[in-house]
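Chains, contacts and geometry: an overview
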There are 2 protein chains.
Amino acid sequence: MPDVSRRQLANAIRFLSMDAVQAANSGHPGMPMGMADIAEVLWNDYMKHNPANPEWADRDRFVVSNGHGSMLQYSLLHLTGYELPMEELKHFRQWGSRTPGHPENGVTPGVETTTGPLGQGIANGVGMAIAEKELANEFNRDGHTIVDHYTYVFAGDGCLMEGISHEACSLAGTLGLGKLILFYDDNGISIDGELEDWFTDDTLKRFEGYEWQTMAIDGHNPDAVIKAIEAAKAEPNKPTLIACKTTIGYGSPNKAGSEETHGAALGEDEVAVTRQALGWQWEPFHVPDEIYQAWDTRQAGQAAEEAWQARLEAYRRDYPELAAEFERRMAGRLPEDFTETMNGIISEFREAGASDATRKHSGKMLNTIVERVPEVLGGSADLAPSNNTKWKDAPIITPSRETRGTHGRYLHYGVREFGMAAMMNGFCLHRGYRPYGGTFLIFSDYMRNGLRLSALMHQPVIYVFTHDSIGLGEDGPTHQPIEQLPSLRAIPNLTVYRPADGVETAVGWRLALEAGDGPVALVLTRQKTGALEHTDETVAGAARGAYVLSEAEGGDPEGILIASGSEVDLALAAQKQLAEQGKRVRVVSMPSWELFEAQDEGYRLSVLPDGLAKRVAVEAAESFGWERYVGREGRAIGIHRFGESAPGDTVMEKFGFVPETLVEAYNELD
Amino acid sequence: MPDVSRRQLANAIRFLSMDAVQAANSGHPGMPMGMADIAEVLWNDYMKHNPANPEWADRDRFVVSNGHGSMLQYSLLHLTGYELPMEELKHFRQWGSRTPGHPENGVTPGVETTTGPLGQGIANGVGMAIAEKELANEFNRDGHTIVDHYTYVFAGDGCLMEGISHEACSLAGTLGLGKLILFYDDNGISIDGELEDWFTDDTLKRFEGYEWQTMAIDGHNPDAVIKAIEAAKAEPNKPTLIACKTTIGYGSPNKAGSEETHGAALGEDEVAVTRQALGWQWEPFHVPDEIYQAWDTRQAGQAAEEAWQARLEAYRRDYPELAAEFERRMAGRLPEDFTETMNGIISEFREAGASDATRKHSGKMLNTIVERVPEVLGGSADLAPSNNTKWKDAPIITPSRETRGTHGRYLHYGVREFGMAAMMNGFCLHRGYRPYGGTFLIFSDYMRNGLRLSALMHQPVIYVFTHDSIGLGEDGPTHQPIEQLPSLRAIPNLTVYRPADGVETAVGWRLALEAGDGPVALVLTRQKTGALEHTDETVAGAARGAYVLSEAEGGDPEGILIASGSEVDLALAAQKQLAEQGKRVRVVSMPSWELFEAQDEGYRLSVLPDGLAKRVAVEAAESFGWERYVGREGRAIGIHRFGESAPGDTVMEKFGFVPETLVEAYNELD
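A brief structural summary. All figures in this text were calculated on a predicted structure; none of them were measured in a lab. (Residues numbered from 1 in each chain as written. Chains lettered and ligands numbered in written order. Predicted model: local features only at pLDDT ≥ 70, side-chain atom pairs only at ≥ 80, totals over all residues. Heavy atoms only, no water.)

**Things to note about the overall build of chain A**
Convention followed: Segments assigned H or I by DSSP are reported as helices when at least four residues long, segments assigned E as strands when at least two residues long, and all are numbered from the N terminus. A radius of gyration in this sense is built from C-alpha atoms; the matching globule rule multiplies 2.2 Å by the number of residues raised to 0.38. Residue exposure (1.4 Å probe, protein chains only): buried if accessible area is under 20% of the type maximum, exposed if over 50%, otherwise partly exposed. Residues count as neighbours in contact if any of their non-hydrogen atoms are within 4.5 Å of one another. Here the open area of atoms and residues is found with the Shrake-Rupley method and a 1.4 Å probe, where only the protein chains shown may cover a residue.
Looking only at helices and strands, chain A features 28 helices and 20 strands. A compact globule built from 670 residues would reach a C-alpha radius of gyration of about 26 Å, and chain A, at 28 Å, matches this within 12%. Projected onto its principal axes, the C-alpha coordinates of chain A cover approximately 90 × 60 × 45 Å. Per-residue burial over chain A gives 69% buried out of 670 residues. A sequence separation of at least 24 residues applies to 78% of the contacts in chain A between residues at least 6 apart. For chain A, the exposed area adds up to about 20800 Å²; of that, 45% sits on carbon and sulfur atoms.

Have a look at this one:
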């Protein structure tokens, strides 16, 4: 390493950040200036990574949970040699750049996860650390360590105020994630100013309550950072919190230590005096060669990955099947016999023709799926017996110190829905596992922004939402979803699938596992639904989002009843009553709007012909949005109020979910 | 008190709970059986309440955050003499009963808040305790203490796993809420079973980190409960956590201590052997007279309230104006000159005709509102400078020990959106304050279930959501709302108001403060919008949710452009371009769907005549749901993907939010 002081190396981060924010006249210089010294030590002395290959399986994971400090991460990636040229830094926060306002996975090489909504990065990191632990348990063998990396997370006061930090860190402590190291930017400032009126936690004590190793250091003292990381690594059975006292906007003579540095450019003048104060004599966006050289990690990174590749080769020689499986899993490819397996299961459901709750069909499927798709990693936010997400003899993920040599595949997330969503994002981002997580549909509310980030990051997380309507009964309005279905459908890049019976449930699971580009929400009943009469066409149709389940008898249809999930039975009963009145009505089962809309126009019009304007849709949910299919002329039967506590059948009936309502509505369209 | 043992008094709760759950064959007996001894001591020895008047202003507040234990609360209310006869207990969880599955405010007398979604009750309690503290600061005078009560909260492991418990309890510690007492049902069990694999927090240490007083006791030992409550009351400057070791399903010979007692009836046989084991010889739903007498609180409660009424009388003599103000506030009536005041402000905005961001209009309004409406209690989840929610010289709510004699009206919630929503519910439920809370619209995701509970409980909480579209610019897709507007509109009993300019913003605030029956979300821009040309009619129209802002020139309109918020300017520009092409187009500004749909049909048809099917709606959000107004023939211009990081104008333009898009869409309808 050339003879450049650590302080100057850190100052490179500070000035790239200040200059980029100044150029954009938008952004957050305070955090990068405050955490630069920590980042410098971590990246120059500890991080295992290869700038040429951000996808290297055994790299350390680095997460900036306080994502507004994105320029810190972009500076690190640029300086160490990732494909992020200076031009990109100059275009920070501009259209088409690879340097968006907050770090985005998939946009910038080396950005492990999308952060900005506070606290979630910590939970992503917990998910990554669990994935590392279980993959190591699953694949490492004596003398062969192919999975062995750390997860480093940066977080600020905001992250630690958010509730999700509690959910994730509490579970991380229980699980004893010794390779998770959290750097807390303890700068005493948030947007509203000094924290004394709203955040006075003794955070170390709080984390000791979670069974973490904790320490407090001066975040501007590299030796202290080194000592802390060494101590963190020396503790294999507990995650470590390193609370780093820092000064936000460190180096700015007039603004350091103030919330003014948090979310706005410092101003040309202040940047100039900061240059003087820190002895940084170079122009904006200029980094002298010796500083580049000191930061450059390309050679060391390449060497590190090559050493690992050699270990992988040795592993492949001794365990060829395991090695192939490891590579398949890290590449995110499904098992070769996947489609065959799933179609077999679907056929079994079709033959069985059983009437049951779709949550139970789902539970039944899982028992087969987990045997054939070993990357499936299940879990539930403390509702396993209710949402049928736990298969027989599921191996539970427990603390490291107890499970070396075995590996867990089922995580009891506890009553932590939001944490579950963000941890599942972490599993997916890490690669190696395909997570699903269960809770009641109503509690999708608790995890909503985590689910949104699955969609934004294109991560194929599977959400299992049971107890999907007022049909759940006695638990009452606090537990009965009303607006949740339309609210989920409104999220871009999320596929919502609400099956009507066992076959549709099986198809939904196949689609969910096949999905590679975004999350899928399976929406399941608590109560029984009828078994539909299927043909090859209807099974194929179920995978297209909507299909003609039952054609009008005795001639061309004159109208359509559209339904999803438990209300498909109602539509079929209404069709029969209408037939008795001489009305020829088609029934369309529509488990998924998103899949249906992805079909070609020909198919769509074959299911919902333009000319058939007499349409009644029915769903035991807020009908918000159904006008898309029924138009201003048709009728959407739904719910526009909150639920009631009573047995499910009673509530359904009192809310009008009986065939007669459909018949009446249809006839009113005449 | 007749000579009945405390244990038998507690057993009355146990058997009422077991019997009711058994009769319903649905419900949660485990918690009431476990917490009965704690509840018995609290209610018989400490609770200040009057069963004849559940609305008595100075009653102690009692919150069951682990709301599945509703039968505990119903038993207490029944036994102490509330209007909740045995018939209601026999109809637990049945249609039309006052004993729904989870406690519901407004349904059962004495139920202070609706709980069930875990953790929120704690935050409701924190809100109530802050309301008590600030009302006491505001209204009590030397020798006159008219506000002086405690807030008691029951909570379980689930509540303490939820992130919101962190948000609320951290802030409660910072604020030193000495009159908040939290009983933690430390029974080591959640639905999935024994907690050791998913929840091993040292909760006392965690709460010490929050600066709470903490203690651990045997929850089945009444003397220990008494000692703990005494110690809690002796500490005026810290909230107290009493961790009570209990046995879930206490008393059941074969199921006590197991998750089996949590959420299902014990079964006839087990209830029978539990009767034997606890020496409870009576039939289901029979409580012997001596036990009723020992529980009966009607006389003592009446006397307590009368003593307080006498104090209020004395206060009224010495401070007649303050007393009148106190009563007005607790009754939830607006100041008499409210409408006049607000109309004055609206006129000022109309005269000023200023072009500005609607968040800034809102901030400007607040400075006037808070002077004229003293019950307004503001706050923000750490975004005060950005969402313009903090008025000049707002008195900040700080720890009790520092503010006696003054009172705060602005709460820095910290980065705790969900906690903020649930605390605001607590403020409203307590009465005396009208809370509003600000954050970015995107973070409505974080608080969604709290907002839902505002709506379910009909509480007039005001949500101030700024940065309401991709127009916020550089912060990028993590911060740019897309699906949030339709998702909020889908919530029953929530009014969403997205104003287009200063006048509409002022009208929105008037409506929000007038709302008595549910929450209102004000949805505001980060960026400037134009000042609309208003008439008396348009101002009146803004209060009806939608109105003809600009009529087609030169004859009857042949089509309609509908827009909300910042896109109204676009519609006006498109109207002009279309007029140049000879097209007569009406522009409708639609700040609120809910208000518009509450208008009579005549008004609705006057704004959107049935015959005018040529309709284009535009909103910089997911257009999900707009088919309601444009039908299958019209066109809704919106967004079906996530946003991008770039300056706001650029993003708007790149996403097609320019007048030409509207013109083209309109012309395509030809």
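**Things to note about the side chain of B:Ser589**
To keep things clear, this is the line we draw: Within 3.5 Å is the distance limit for a polar contact, defined as a pair of N or O atoms, with the added protein rule that one can donate a hydrogen and the other accept it, and that residues adjacent in sequence qualify only through two side-chain atoms.
Structurally, B:Ser589 can be placed in strand β18 (residues 585-589). A distance of 2.7 Å separates the side chain of B:Ser589 from the side chain of B:Glu504, its partner in a polar contact.

**Thoughts on the interface of chain B and chain A**
Using the following cut-off: Values labelled buried area give the accessible surface lost by two parts on being combined, using a 1.4 Å probe and summing over both. For this analysis, a salt bridge means a side-chain nitrogen from Lys or Arg found within 4 Å of a carboxyl oxygen belonging to Asp or Glu.
At the junction of the two partners, chain B supplies 111 residues and chain A supplies 111 residues. The largest contributions to the chain B side of the interface with chain A come from B:Trp95, B:Phe624 and B:Arg632, which together make up 10% of the buried area. For the pair chain B and chain A, the interface holds 10 salt bridges. Salt-bridge contacts for A:Arg628 lead to B:Glu627; the nearest nitrogen and oxygen are separated by 3.0 Å. Where chain B packs against chain A, one counts 53 residue pairs in polar contact (both at pLDDT 80 or more).

**Description of helix α3 (residues 70-80) of chain A**
Helical geometry note: an α-helix holds 3.6 residues per turn, so side chains three or four residues apart project in the same direction. Residues and elements named next belong to chain A. The element α3 is extensively covered by neighbouring structure, given that 11 of its 11 residues are classed as buried. The complete set of buried residues in α3 reads Ser 70, Met 71, Leu 72, Gln 73, Tyr 74, Ser 75, Leu 76, Leu 77, His 78, Leu 79 and Thr 80. Downstream of α3 by one or two residues, Gly 81 has phi in the positive range, about 115 degrees.

**Some words on the relation of the copies chain B and chain A**
To be explicit about the condition: Least squares is used to superpose the copies, and the fit set is the C-alpha atoms of residues whose pLDDT is at least 70 in both copies.
Screw-axis analysis of chain B against chain A gives a translation of 0.0 Å along the axis, an RMSD of 0.0 Å, and a rotation angle of 180 degrees. The transformation relating the two chain copies, once decomposed into turn and shift, fits a two-fold axis.

**Observations concerning the packing of aromatic side chains**
Operational definition: Stacked, edge-to-face and tilted are the three classes for Phe, Tyr and Trp ring pairs, Trp counted by its six-membered ring, which pair at centre distances within 6.5 Å; planes under 30 degrees apart are stacked, over 60 edge-to-face, the rest tilted.
The tally for this structure, following the rule as stated, stands at 53 aromatic pairs over all chains. Ring geometry for A:Tyr74 against A:Phe92: centres 6.1 Å apart, planes inclined by 70 degrees, an arrangement best described as edge-to-face. Placement of the pair is A:Tyr74 in helix α3 and A:Phe92 in the loop between α4 (86-90) and α5 (120-139), with a sequence separation of 18 residues. Looking at A:Phe92, the relative accessible area reads 1%, which means it is buried. The interplanar angle of 80 degrees and the centroid separation of 5.8 Å between the aromatic rings of B:Trp391 and B:Tyr410 together place this pair among those described as edge-to-face. One end of the pair, B:Trp391, is in the loop between α16 (384-387) and α17 (400-403); the other, B:Tyr410, is in strand β10 (residues 410-412), and 19 residues separate them in sequence. Among the residues examined, B:Trp391 registers a relative accessible area of 8% and is labelled buried. Aromatic rings pair up to connect A:Trp593, A:Phe596, A:Tyr603, A:Phe624, A:Trp626, A:Tyr629, B:Trp593, B:Phe596, B:Tyr603, B:Phe624, B:Trp626 and B:Tyr629 into one cluster.

**A look at the environment of A:Arg311**
All names here are of chain A. Along the chain, Arg 311 turns up in helix α12 (residues 298-318). C-alpha of Arg 311 to C-alpha of His 144: the two residues are 167 residues apart in sequence and 7.1 Å apart in space. Ignoring anything within four residues of it in the chain, the contact list for Arg 311 reads Asp 58, Thr 145 and Ile 146. A polar side-chain atom of Arg 311 sits 3.3 Å from the main-chain carbonyl oxygen of Thr 145.

**Regarding the packing of helix α2 (residues 30-46) of chain B against helix α9 (residues 222-233) of chain B**
Residues and elements named next belong to chain B. Heads up, the rule is: In this analysis, axes come from line fits to C-alpha atoms, helices being fitted only over the stretch in contact, and the angle between any two N-to-C directions falls in the range 0 to 180 degrees. Note on terminology: angles under 35 degrees are roughly parallel, angles over 145 are roughly antiparallel, angles of 65 to 115 are roughly perpendicular, and the others are oblique. Each helix crossing is assigned a hand: it is left-handed if the near helix lies turned anticlockwise from the far helix by less than a right angle, otherwise right-handed if that turn is clockwise. In this classification, Asp, Glu, Lys and Arg are treated as charged, Ala, Val, Leu, Ile, Met, Phe, Trp, Tyr, Cys and Pro as nonpolar, and every other residue, Gly included, as polar.
One can describe the packing of α2 onto α9 by two numbers: an axis separation of 9 Å at closest approach and a directional angle of 55 degrees. Between α2 and α9, the crossing angle belongs to the class labelled oblique. The hand of the α2/α9 crossing is right-handed. Note on element contacts: α9 touches α2 through Pro 222, Val 225, Ile 226, Ile 229, Glu 230 and Lys 233, opposite Ile 38, Val 41, Leu 42, Asp 45 and Tyr 46. Of the residues that constitute the contact of α2 with α9, the class distribution is eight nonpolar, no polar and three charged.

**Quick look at the sheet that holds strand β16 (residues 547-550) of chain A**
Residues and elements named next belong to chain A. To keep things clear, this is the line we draw: Two strands qualify as a pair provided DSSP detects at least 2 bridges between them.
Pairing is mixed in the open sheet, where five strands are placed in the order β16-β18-β17-β19-β20. Lying at the two open borders of the sheet, with one neighbouring strand each, are β16 and β20 (635-637). Sheet twist, expressed as the average angle between the axes of neighbouring strands with direction ignored, equals 30 degrees. Strand direction decides the pairing type here: strand β17 (residues 559-563) and strand β18 (residues 585-589), joined by five bridges, are parallel. Along β18, the bridge assignment pairs Ile 560 with Arg 586. With respect to the sheet, helix α23 (residues 568-580) is in contact with β16, β17, β18 and β19 (615-618), its orientation differing from that of β18 by roughly 175 degrees.

**Description of the pairing of strand β9 (residues 376-380) of chain A**
Burial within β9(A) is extensive, with five of its five residues counted as buried. Burial of the side chains of β9(A) extends over both faces: A:Val376, A:Gly378 and A:Ser380 are buried on one face and A:Leu377 and A:Gly379 on the other.

**Examining the sheet that holds strand β10 (residues 410-412) of chain A**
Remark on secondary structure: sheet strands pair via backbone hydrogen bonds, oriented parallel or antiparallel. Residue and element names in this part refer to chain A. Pairing in this open sheet of six strands is parallel, and the strands run β10-β9-β11-β12-β14-β13 from one edge to the other. Edge positions in the sheet fall to β10 and β13 (495-497), since each of these pairs with one other strand and no more. In this sheet, neighbouring strand axes are inclined to one another by 20 degrees on average, regardless of whether the strands run parallel or antiparallel. Note: β9 against strand β11 (residues 434-440), three bridges, orientation parallel. By the bridge assignment, Val 376 is partnered in β11 with Arg 434.

**Quick look at unusual backbone geometry**
Not every positive phi belongs to a glycine, and A:Glu211 is a case in point at roughly 70 degrees. Residue position: A:Glu211 is located in the loop between α8 (203-209) and β6 (213-218).

**Some details on the environment of B:Glu537**
Structurally, B:Glu537 can be placed in helix α22 (residues 536-542). C-alpha separation for the pair B:Glu537 and B:Phe427, spaced 110 residues apart in sequence, amounts to 36 Å.

**Some thoughts on the environment of B:Glu594**
Residues and elements named next belong to chain B. Structurally, Glu 594 can be placed in helix α24 (residues 593-597). You can call Glu 594 buried: its relative accessible area is 19%. Between the C-alpha atom of Glu 594 and that of Ala 546, which follows or precedes it by 48 residues, the distance is 9.7 Å. There is a polar contact of 3.1 Å between the side chain of Glu 594 and the backbone nitrogen of Val 496. A distance of 3.3 Å separates a polar atom in the side chain of Glu 594 from a polar atom in the side chain of Ser 592.

**Things to note about the pattern of salt bridges**
Residues and elements named next belong to chain A. Overall, the coordinates contain 74 salt bridges over all chains when judged by the stated rule. Between Arg 586 and Glu 551 there is a salt bridge whose closest N-O contact spans 2.6 Å. Taken as a pair, Arg 586 in strand β18 and Glu 551 in the loop between β16 and β17 lie far apart in primary sequence, 35 residues in all. Put simply, Glu 138, Glu 325, Arg 328, Arg 329 and Glu 375 are held in one network by salt bridges that share partners.

**Points about a negative patch on the surface**
Residues and elements named next belong to chain A. Defined as follows: Think of a patch as exposed residues, more than 30% relative accessible area, with no salt bridge, where like charges cluster within 9 Å and nonpolar side chains (Val, Leu, Ile, Met, Phe, Trp, Tyr) cluster within 5 Å. His is not counted here, nor are the chain ends, while Lys and Arg score as positive and Asp and Glu score as negative. Taken as the charge centre is NZ of Lys, CZ of Arg, CG of Asp or CD of Glu, depending on the residue.
A surface patch of negative charge is lined by Glu 194, Glu 196, Glu 259 and Glu 260. In this fold, Glu 194 is placed in strand β5 (residues 193-194). Take Glu 194: its relative accessible area is 51%, and that puts it in the exposed class.

**Quick word on helix α19 (residues 448-456) of chain A**
For α19(A), the buried fraction is high: nine of the nine residues fall into the buried class. Along α19(A), the residues classified as buried are A:Arg448, A:Asn449, A:Gly450, A:Leu451, A:Arg452, A:Leu453, A:Ser454, A:Ala455 and A:Leu456. On the buried face of α19(A), the contacting elements are α5, α18 (417-430), β12 (462-466) and α20 (484-489) of chain A together with α19 (448-456) and α20 (484-489) of chain B. Within two residues after α19(A), A:His458 carries a phi angle of roughly 60 degrees, on the positive side.

**What about the pairing of β12(A)?**
All names here are of chain A. Quick note on the threshold: For the handedness criterion, the strands are oriented away from the viewer, and a crossover whose path from the first strand over the helix to the second runs clockwise is classed as right-handed.
With respect to burial, β12 is a largely interior element, five of its five residues being buried. In β12, alternate side chains face the same way, and those of Ile 462, Val 464 and Thr 466 on one face and Tyr 463 and Phe 465 on the other are all buried. By the bridge criterion, five bridges tie β11 to β12 in an arrangement that is parallel. Pairing of Tyr 436 across the sheet is with Ile 462, part of β12. Crossover β11 to β12 through α19 is right-handed. Bridge count for β12 against strand β14 (residues 520-523) is four bridges, and the pairing is parallel. By the bridge assignment, Phe 465 is partnered in β14 with Val 523.

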